Amino acid sequence: MRRSTPRAAAAALLAGVVFLLLPRPQSAQAHQHGAQAHEHGAGGSDAAEMAARETGPPRLPEDSPLIEVRLRERDREAEIVIGPVALPAGAPHLRPQVQLAELPVVGWLHGFSWEMRDRDGNPLPDRLLHHVNVIDPDNRELFSAVPRRVLAAGRETSSETMPGLLGYPLAPGTRVLVSAMFAPRPDQSFDEAYLHIRLPFTPAEDPGLVGPFDVYPFYLDVMGPVGEKEFPLPPGTHGMSWEGSPAVDGRILGIGGHLHDYGDWIRLEDVTAGKVVWETAPTVDGEGRTVGIPTSMLWWRGGVRIRKDHVYRISVQYSNPMDRPAPDGGMGAIGGILLADKDAWPEFSREHPDYIEDLRNTLEKPNEADHAHGHQPGSSGSG
């Protein structure tokens, strides 16, 4: 499969680009390795790294009964379906076991869209989905050695599509982990709910006159690449940040973010150069609650240059107006797409402690006692 092209050629072809990768809570134990997470100077622990080195990477799921992958070659679209899940009225958030599937596509992925449906295909409320992450366990992230986040969506994340001349390359046998969390409604039950994720693609055997240019998703989180992604948010103004360096040089073509309620702003800085790369504030409703995060299309200036010999900082600020901790806590994440200069990615390793611990968090979090599970067809309830 053809690799990345020079940035000058790609910049002229960009339009409406962003591919959001917004990580979600993963582990009850925070851990940062190889960089630093800060809340007015707070640091992490080496315990998780030691455990990871001792035990090795966890096994991927062998039985994924709640996932189905459908291919519509004529429409050039793949679809991932998660379900059915039972969502009783007033129940706590539900996080089924992580599902594993192989994508029957060789070519380029151009984005995603999603919706909730019932068994008969009728639309259900979008707010039944809290978030979903699609993760590639066989490739690494830009800023760390953890499994690559291919896409993510949540309540404030609209469907995202790249132009046909840009695409995330999919090799034969590409596997994905799908980690979803659902949010039952307080006054309405849904016995069988399904999440549908549509993935438009260009097949490698028919790329057109000019095949897509390879671009890669990336994410950054104020809590670092491994561990818990939420942090407590007591009354008053509070900040959190994390610093790290990318694995390769390249240009950011599109960027967006994720904040909870009472977020003031989220920012990406080039610490080495002493300049702000990107900053935005959330869109809020009449009560000051976050309803969306603006995304930025950076194609008009040829993208934003990032360098592997520079240090970058993601930071977030919250102002909690209540006299008690905010119920949803705080989060701060940035996702986007990168046009890499060349193919000199670091060697992928399943033995890296960050890879091991992040994959363990991803797979084991849904099995904690405070999370319910989806049910298979024909069962009488959540298992």
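What you see is a predicted model; the values in this text were computed from it and never measured. (Residues numbered from 1 in each chain as written. Predicted model: local features only at pLDDT ≥ 70, side-chain atom pairs only at ≥ 80, totals over all residues. Heavy atoms only, no water.)

1. As for the pattern of salt bridges
Right, on to step 1. Counted according to the given criterion, the structure contains 22 salt bridges.
Right, on to step 2. A salt bridge links Arg 198 to Glu 115; its shortest N-O distance comes to 3.0 Å. Highlighted residues: Arg 198 in strand 12 (residues 190-203) and Glu 115 in strand 6 (residues 111-118), separated in sequence by 83 residues.
Right, on to step 3. Given a relative accessible area of 22%, Arg 198 falls into the partly exposed group. (Salt bridge = Lys/Arg side-chain N within 4 Å of Asp/Glu carboxyl O. Helix = DSSP H or I, 4+ residues; strand = E, 2+ residues; numbered from the N terminus. Buried < 20%, exposed > 50% of the residue type's maximum accessible area, 1.4 Å probe, protein only.)

2. Re the confidence of the model for the protein
Right, on to step 1. The pLDDT averaged across the protein works out to 82; a share of 79% of its residues lies at or above 70.
Right, on to step 2. Predicted confidence for residues 1-45 stays below pLDDT 50, and this span has 177 contacts to residues more than four positions away or in other chains. (pLDDT = per-residue confidence, 0-100. Contact = heavy atoms within 4.5 Å.)

3. Overview of unusual backbone geometry
Right, on to step 1. Residue Pro 84 is reached from Gly 83 by a cis peptide bond, and omega for that bond is 5°.
Right, on to step 2. Phi is positive for Arg 76, close to 55°, though the residue is something other than glycine.
Right, on to step 3. Considering the arrangement of structural elements, one finds Arg 76 in the loop between strand 2 (67-72) and strand 3 (77-87).
Right, on to step 4. Although it is not a glycine, Tyr 262 sits at a positive phi angle of roughly 75°.
Right, on to step 5. One can find Tyr 262 in the loop between strand 16 (250-259) and strand 17 (263-270).

4. Points about the pairing of strand 14 (residues 216-221)
Right, on to step 1. Among the six residues in strand 14, six count as buried, and that is most of the element.
Right, on to step 2. Burial of strand 14 is two-sided: the residues Tyr 216, Phe 218 and Leu 220 facing one way and the residues Pro 217, Tyr 219 and Asp 221 facing the other way are all buried.

5. With respect to the side chain of Asp 358
Right, on to step 1. Mapped onto the secondary structure, Asp 358 falls in helix 3 (residues 353-364).
Right, on to step 2. With relative accessibility at 0%, the residue Asp 358 sits in the buried group.
Right, on to step 3. Within the structure, Asp 358 has its side chain in polar contact with the side chain of Arg 149 (distance 2.8 Å). (Polar contact = N/O pair within 3.5 Å; in protein donor to acceptor, adjacent residues only side chain to side chain.)

6. Topic: the sheet that holds strand 11 (residues 175-182)
Right, on to step 1. If you trace the four strands from one edge of the open sheet to the other, you get 4-11-7-8, paired in antiparallel fashion. The sheet terminates laterally at strand 4 (99-102) and strand 8 (147-154), the two strands that pair on one side only. In this sheet, adjacent strand axes meet at a mean angle of 25° when their direction is disregarded.
Right, on to step 2. Looking at chain direction, strand 7 (residues 129-140) and strand 8 are connected through seven bridges and run antiparallel. Paired with Val 134 across the strands is Leu 151, a residue of strand 8. (Pairing = 2+ DSSP bridges. Axes fitted to C-alpha atoms, helices over the stretch in contact; angles between N-to-C directions.)

7. Looking at helix 3
Right, on to step 1. A rise of 1.5 Å per residue sets the reference length of helix 3, with its 12 residues, at 16 Å; its end C-alpha atoms lie 16 Å apart and thus fit the reference within 8%.
Right, on to step 2. When helix 3 is considered as a whole, its buried residues turn out to be Pro 353, Asp 354, Tyr 355, Ile 356, Glu 357, Asp 358, Leu 359, Arg 360, Asn 361, Thr 362 and Leu 363. (Expected span 1.5 Å × (residues − 1).)

8. Some remarks on the side chain of Arg 117
Right, on to step 1. Following the sequence through the fold, Arg 117 ends up in strand 6.
Right, on to step 2. Among the polar contacts made by the side chain of Arg 117, one reaches the side chain of Glu 115 at a distance of 2.7 Å.
Right, on to step 3. Setting aside chain neighbours within four positions, we find Arg 117 in contact with Asn 122, Pro 123, Leu 124, Glu 192, Ala 193, Tyr 194, His 196 and Arg 198.

9. Observations regarding the nonpolar core
Right, on to step 1. Counting residues in each nonpolar core, the largest one holds 70 residues, and the members touching the most others are Ile 80, Met 116, Phe 182, Leu 195, Leu 199 and Ile 252.
Right, on to step 2. Excluding residues within four positions of it along the chain, Leu 195 makes contact with Ile 80, Val 81, Ile 82, Trp 114, Glu 115, Met 116, Leu 129, Val 132, Ala 180 and Phe 182.
Right, on to step 3. Counting eight residues, the second-largest nonpolar core is a separate cluster that includes Leu 60, Leu 177, Tyr 355 and Leu 359. (Core = buried A, V, L, I, M, F, W, Y, C linked by side-chain atoms within 4.5 Å.)

10. A look at the packing of aromatic side chains
Right, on to step 1. In total, this model carries six aromatic pairs according to the counting rule given.
Right, on to step 2. Seen in terms of ring centroids, Phe 231 and Tyr 318 are 5.9 Å apart; in terms of plane orientation they differ by 85°. Their pairing is edge-to-face. Pair noted here: Phe 231 is in the loop between strand 14 and strand 15 (236-244) and Tyr 318 is in strand 23 (residues 312-320), with a separation of 87 residues, a long-range link. An identical accessibility class is assigned to Phe 231 and Tyr 318; each is buried.
Right, on to step 3. Feature note: the residues Phe 143, Phe 218 and Tyr 312 constitute an aromatic cluster, connected by ring pairs.
Right, on to step 4. One Lys or Arg, Arg 267, reaches over the ring of Trp 265 and ends 3.9 Å from the middle of that ring. (Phe/Tyr/Trp six-rings, centres within 6.5 Å; stacked < 30°, edge-to-face > 60°. Lys NZ or Arg CZ within 6 Å of the ring centre and 35° of its normal.)

11. Looking at the pairing of strand 8
Right, on to step 1. With respect to burial, strand 8 is a largely interior element, eight of its eight residues being buried.
Right, on to step 2. Taking the residues between adjacent antiparallel strands as the criterion, strand 7 and strand 8 are bridged by six residues.

12. Quick word on the environment of Arg 305
Right, on to step 1. By the element assignment, Arg 305 lies in strand 22 (residues 304-306).
Right, on to step 2. For Arg 305 and Asp 249, which are 56 residues apart along the polypeptide, the C-alpha to C-alpha distance reads 7.7 Å.
Right, on to step 3. Side-chain polar atoms of Arg 305 contact the side chain of Asp 341, separated by 2.6 Å.

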